[in-house]
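Commentary on secondary and tertiary structure
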Amino acid sequence: MAMSSHTYDVFLSFRGEDTRNTFTSHLYNSLKKMKIRIFMDERELKKGEEIPPTLAKAIEESRLSIVIISKNYAFSAWCLNELNKIVQCKNTKNHIIKPIFFEVTPSEVRDQKATIGKALAKHKQNFSMEKVQEWRKALHEVANLAGWTTTDRNQSDLIEEIVKHINIQVKRVPVISIPEHLVGIDAHLSKIESRLDIKNPNEVRMLGIYGPQGVGKSTLAKVFYYKHFSNFECSSFVECISERIKGKYEIVEVQKALLSEILGDSSLNAWYNREEGAKMIEDVLSSKRVLLVLDDVEDKQQLEKLAGGFHWFGPGSIIIITTQKAKLLENYKEHFTYEMKGMNPAEAIQLFSWHAFNRNEPDQCWRELTNAIVPYTRGIPSALVKLGADLFSERMSYRQSEVDGENKQEGLECTLARNMLKEMFKQGREFNVETSRLGTSLEQIMREYMEPQDMIVQEECFEVEREDDDFKHKQLETEEVYEEESEDLMTFAGTMALLFQASAFIFSVSLIFYFRQN
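Keep in mind the model is a prediction, meaning the values are calculated, not measured.

Following both chains from N to C, one finds helix α9 (residues 185–196) and helix α10 (residues 217–228) inclined at 65°, their axes separated by 10 Å at the closest point. One element, α9, and the other, α10, form an angle in the roughly perpendicular class. Remark: the crossing between α9 and α10 carries right-handed chirality. Packed against α9, whose contacting residues are I185, H188, L189, I192, E193 and L196, the element α10 presents T219, L220, V223, F224, K227 and H228 at the interface.

What follows deals with the side chain of S353. Structurally, the position occupied by S353 is in helix α16 (residues 345–357). On the accessibility criterion, S353 (0% relative accessible area) is buried. Excluding anything up to four places from it in sequence, S353 contacts N358, R359, N360, E361 and P362.

Next up on the list: the pairing of strand β4 (residues 96–101). Of all six residues making up β4, six are buried, and the element is well covered by its neighbours. Both faces of β4 are covered, namely the face carrying I96, K98 and I100 and the face carrying I97, P99 and F101. Two strands pair when backbone bridges link them, and strand β3 (residues 62–69) and β4 are joined in this way by six bridges, in the parallel orientation. The partner of V67 across the bridge, within β4, is P99. In this fold, β3 hands off to helix α4 (residues 77–93), which returns the chain to β4; that crossover is right-handed. For β4 and strand β5 (residues 148–149), the ladder comprises two bridges, and the chain directions are parallel.

What follows is about the sheet that holds strand β10 (residues 336–339). For sheets, the rule is that strands pair by backbone hydrogen bonds, running either parallel or antiparallel. Spatially, the five strands line up as an open sheet ordered β7-β8-β9-β6-β10, and their pairing is parallel. Two strands close off the open sheet at either side, each with one partner strand: β7 (234–238) and β10. For this sheet, the mean angle separating the axes of adjacent strands, direction not counted, is 10°. Of the strands in this sheet, β7 and β8 (290–294) are in contact with helix α12 (residues 251–263), which crosses β7 at around 145°.

What follows covers the packing of aromatic side chains. Think of a pair of aromatic rings as described by two things: how far the centres are apart, and how the planes are tilted against each other in angle. Taken as a whole, this structure holds seven aromatic pairs when the rule is applied. Ring centres 5.3 Å apart and planes at 70° place the aromatic pair Y8 and F39 in the edge-to-face group. Placement of the pair is Y8 in strand β1 (residues 8–13) and F39 in strand β2 (residues 38–40), with a sequence separation of 31 residues. With 5.4 Å between their ring centres and 5° between their planes, F11 and F39 make a pair best called stacked. With F11 in strand β1 and F39 in strand β2, this residue pair connects regions lying 28 residues apart in the sequence. The ring of F232 is capped by R289, whose NZ or CZ atom sits 4.2 Å from the centre of that ring.

Conventions adopted
- Residues numbered from 1 in each chain as written.
- Predicted model: local features only at pLDDT ≥ 70, side-chain atom pairs only at ≥ 80, totals over all residues.
- Heavy atoms only, no water.
- Axes fitted to C-alpha atoms, helices over the stretch in contact; angles between N-to-C directions.
- Helix = DSSP H or I, 4+ residues; strand = E, 2+ residues; numbered from the N terminus.
- Parallel < 35°, antiparallel > 145°, perpendicular 65-115°, else oblique.
- Left-handed = near helix turned anticlockwise from the far one by under 90°.
- Contact = heavy atoms within 4.5 Å.
- Buried < 20%, exposed > 50% of the residue type's maximum accessible area, 1.4 Å probe, protein only.
- Pairing = 2+ DSSP bridges.
- Right-handed = clockwise from strand over helix to strand, strands pointing away.
- Phe/Tyr/Trp six-rings, centres within 6.5 Å; stacked < 30°, edge-to-face > 60°.
- Lys NZ or Arg CZ within 6 Å of the ring centre and 35° of its normal.

Put into C-alpha cells, the structure is as follows:
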C-alpha cells in the first residue's frame, strides 16, 4: 500500500486583513526556506462567499492545513467556508489540521465568545441557520485540536517552532510494508477503533493485541497506524522489538530509534543506559499527543523501558502493543486487549488464492486441492501465503514448459491435479518418490511454520496483510473438509500427516511433469 500523493504539503488558511503582511507572510517565507510546498491564496480581495473549485481542490491535494484564526477570521464567510472544507477533508481524507490562535484563545473559538461570537451572530442575518451551524461545528472541532497560541510568545520563536514541527509532519512517511492483497482486516480494524475512541482528546489509551505468531497482529497494528498516524502530533512504529533486543543493552538502541523518529533527529546520543533512555522518552512524550506501536513485545522489562505507564504520554495519545503473550498484558489492568485468531475458511481460501492463482478464488481445476490444503493451515495467514506462493511458482514453471513445447497435452495440469490429490488422500499416505523426500522448500516451510504442539505458525517479522473485497465464498466440491467437528475427529498425528501430504502434492505435481517428459 503506497502513501497517497499530494500536490502541496501545506494549505494556509487566514484572514488577509489581519495577518497577511505580518505573521502569515513571515510564516510563509520560513516554510518556503525549508522547501515545503505551500498553497497560499494571493488574492487581497476575495469576492463572494463561496470558495472556488480551484481552492477546494488545493485543500484536497494538500497533506495538511495551517489555519490561522485571528480576531476577524470568523467575520469572513469565505474563511468559514474554507474552514468547513478543511474539516470535511480531515474527516474523510485523513487531512491534518494545525491551528494557530492569533491574538485569540482556543476557548474563545471553542465556545464562540468575544469577537468570534459577534461574527457568528452577524452571519445569522444573512445566512441560513444550517449554514451558520456548520461554521460553528467547524470552529469548535478545530479549537479542540493541538496547535499554537501567540499569546505571550515571541513571534520569531513561535514561527521557528511551528516550522520545525511542520517540517517533521510533512516529511515523515511511515516506513512500513503493506502488501497489495489484504483479506478480512476491516472487521478487526473497526473493533479496535471503537475501543480506542480515537477522537477523545483527553485520555491516554493502551491496546494490547495478542495471539500466535503469523496470525496478523502486526498486520492489524500497521493498518491502524497507516490510517491514523497523521492525526497525531507525532508517531512511531517500532517493529520486531524481541528480535532487535538480543543483548543486555540493545534496548537502548530501540529507545533511540523511537525518539529519533518522534523528533526527526537521527543523531541522538544523549544517554547510554536503559534507565536514562526511559526517562528521556517520558520527558519528551509526556506533553505530546502520540501514536506509538510497540511490535512483538516479549517481556515486561521491554514494555517498562519503552512505555512505562499512562503518565509517559500526553492527553489523547494511543499506544498499541503486539505480543504473543496474553499474560504480559495482565499487569496493565487498564489496557484494552484484543485477541487475533485464524481466518475463517472463506477468508483463508481467498488469501491462499491471491498468492497461488493471482485472483480471489481458485482456478476450477485447483479447487479440490485448495479445499484440501487450506483447513490444515488453521487459517494462519503466514502459512497460507507461503503455500500459495509456492504453488504459484510450481504452476508458472509448468506453464513455461508448455510455452517451450515440452507439455502439449491439453488439460494435463487439471487432470493430474485431481487424480493425484484423490489418490494421495484415498491411500492416506505421504508423498514418496525415489528420493523418499519432500521438496526442500516445502519441507522447510512446514517445519518452520507449523509447531508440533499447537500448530502455531512461525511468523516472519513482516506479517501477512489483509484486505476486504466483495469475494463471496463458493461451496467447493469437498465440503466435508470445513465441518467444524473435523478438528475433534482428527488426531494430531493424522493432522500433521495430511498437512505434509497436501504440501508435498504441490511439489509432486512438478516432479510428475518432469518424469513424464523424460
